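Structural overview
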Amino acid sequence: MKLCILNPNTSAAMTAKIGAQARRVASPGTQILAVNPTMGPASIESHYDDAVAVLGVLEEIRKAEAQGCDGYVIACFGDPGLRAAREAATGPVIGIAEAAMHAASFLATGFSVVTTLTRTCVIAEHLAQAYGMNGFCRNIHGTDIPVLDLEGDNPPAYATIRAACEHALAVDRSAAIVLGCAGMSDLAARLSGELGVPVIDGVGVAVRLVESLVALNLSTSKRGDYAPPLPKPYVGLTSGFAWPARHA
Ligand code: 5HY
């Protein structure tokens, strides 16, 4: 099977890190196509970034459909454009926040999220509500580490994230940690080993979940709201997004 791992920001370094994590956890025989849009924000750290990034997500879904991808991971903790992507894609689409929160709920009665900028915490709160995770998500903690500081190896950032995890476990009465950024995906195993609790990376979980759905021959229902978009004129900058999508 061929999976598209879509980093919605335009950082090639972060796409490379996310792709490496996806390949680390993917099953033998699963081909990983790691991509990012050619337009949009370098990182997604606000509602505005999130909104603008969605067009890039949909553009990459359109390209990946033309390349015969069987399933999709939206590798940004805001899960930008998740529902629109499910309309546009044939195969299953899973967001890393959705995947990580559900996985955490299987492993602990309460989890904490440790994320990047404090201003993004409300986005994660809204997702926890939308995914029915309020009963499990005890709290969301910002570290004020900019997303792009996680493009490469960053020991001071690691120390800050670890301290935030320890604090969360202490004050939230939680028993698992969800990492709130795709750029933290490579830190989960080490943090889990050092903290002695499940530390969940949504990229890895989402890859395995999409693999499972594809292997079970299950895909997004095309009855109702996830049916393909309705054909209509789109004008201006968005004229290329009119449905049926033009296949290059
Ligand atoms: C992410 N932003 O995973 C989110 C993290 C965040 O560009 N990739 C981003 O702060 O919401």
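Residues numbered from 1 in each chain as written. Predicted model: local features only at pLDDT ≥ 70, side-chain atom pairs only at ≥ 80, totals over all residues. Heavy atoms only, no water.

1. Side note on the sheet that holds strand β7 (residues 176-180)
The sheet built from four strands is open, its strands ordered β6-β5-β7-β8 with parallel pairing. Either end of the sheet is taken by a strand with one partner, and the two such strands are β6 (137-142) and β8 (199-200). As judged from the five bridges shared by strand β5 (residues 111-115) and β7, these two strands associate in the parallel manner. By the bridge assignment, Thr 115 is partnered in β7 with Gly 180. (Pairing = 2+ DSSP bridges. Helix = DSSP H or I, 4+ residues; strand = E, 2+ residues; numbered from the N terminus.)

2. With respect to empty space enclosed by the protein
Following the criterion strictly, the structure yields two cavities of 30 Å³ or more and no others. Size it by volume and the largest cavity reaches roughly 210 Å³. Residue lining of the largest cavity: 21 residues in total, with Ile 44, Cys 76, Phe 77, Gly 78 and Gly 180 positioned closest to the centre. When grouped by side-chain class, the residues that make up the lining of the largest cavity number 10 nonpolar, nine polar and two charged. Counting contributing residues per domain, the lining of the largest cavity is built from domain 1 (2-95 + 205-246) and domain 2 (97-202), each supplying no fewer than three. Empty space within the second largest cavity amounts to approximately 50 Å³. For the second largest cavity, the full set of lining residues is Lys 17, Leu 150, Gly 152, Asp 153, Asn 154, Ala 157, Tyr 158, Ile 161, Asp 186 and Leu 187. For the lining of the second largest cavity, the leading source of residues is helix α6 (residues 155-171), giving three residues. Of the residues contributing to the lining of the second largest cavity, the split by class is five nonpolar, two polar and three charged. (1 Å grid on protein atoms, 1.4 Å probe; cavity = no way out; pocket = protein on both sides within 12 Å on 5 of 7 lines; lining within 4 Å. Points joined across faces, edges and corners; volume = space filled by probe spheres on them. Nonpolar A, V, L, I, M, F, W, Y, C, P; charged D, E, K, R; others polar. Domains from an automatic or database assignment.)

3. Some words on the nonpolar core
Membership of the largest hydrophobic core comes to 76 residues, with the highest contact counts inside it found for Ile 5, Phe 111, Ile 161 and Ile 177. The residue makeup of this core includes at least three contributed by each of domain 1 (2-95 + 205-246) and domain 2 (97-202). Ignoring sequence-local partners within four residues, the contact set of Ile 5 consists of Ile 18, Ala 22, Ile 32, Leu 33, Ala 34, Val 35, Val 73, Ala 75 and Val 207. (Core = buried A, V, L, I, M, F, W, Y, C linked by side-chain atoms within 4.5 Å. Buried < 20%, exposed > 50% of the residue type's maximum accessible area, 1.4 Å probe, protein only. Contact = heavy atoms within 4.5 Å.)

4. Structural notes on the domain arrangement of the chain
The figure often quoted for interface size is the accessible area lost as the parts come together. What the domain assignment lists for the chain is domain 1 (2-95 + 205-246) and domain 2 (97-202). When each unit is reduced to the centre of its C-alpha atoms, the spacing between domain 1 and domain 2 is 22 Å. Across the boundary between the two partners, domain 1 contributes 25 residues, which contact 31 residues of domain 2. Summed over both partners, the interface of domain 1 with domain 2 comes to about 2300 Å²; 61% of that surface belongs to carbon and sulfur atoms. The largest contributions to the domain 1 side of the interface with domain 2 come from Lys 17, Glu 45 and Phe 77, which together make up 35% of the buried area. Measuring nitrogen to oxygen at the nearest pair gives 3.0 Å for the salt bridge that ties Glu 98 to Arg 86. Mapped onto the side of domain 1 that touches domain 2, the elements with two or more residues apiece are α1 (12-25), α3 (82-88), β4 (93-95) and α8 (202-215). A per-class count over the side of domain 1 that touches domain 2 returns 12 nonpolar, eight polar and five charged. (Buried area = accessible area lost by both parts, 1.4 Å probe. Salt bridge = Lys/Arg side-chain N within 4 Å of Asp/Glu carboxyl O.)

5. Describing the side chain of Ser 43
Topologically, Ser 43 is positioned in the loop between β2 (31-35) and α2 (47-66). Using a relative accessible area of 9% as the deciding quantity, one classes Ser 43 as buried. Only 3.3 Å separates the side chain of Ser 43 from the side chain of Glu 45, close enough to count as a polar contact. Setting aside its immediate chain neighbours within four residues, Ser 43 contacts Asn 9, Asp 49, Val 147 and Leu 148. (Polar contact = N/O pair within 3.5 Å; in protein donor to acceptor, adjacent residues only side chain to side chain.)

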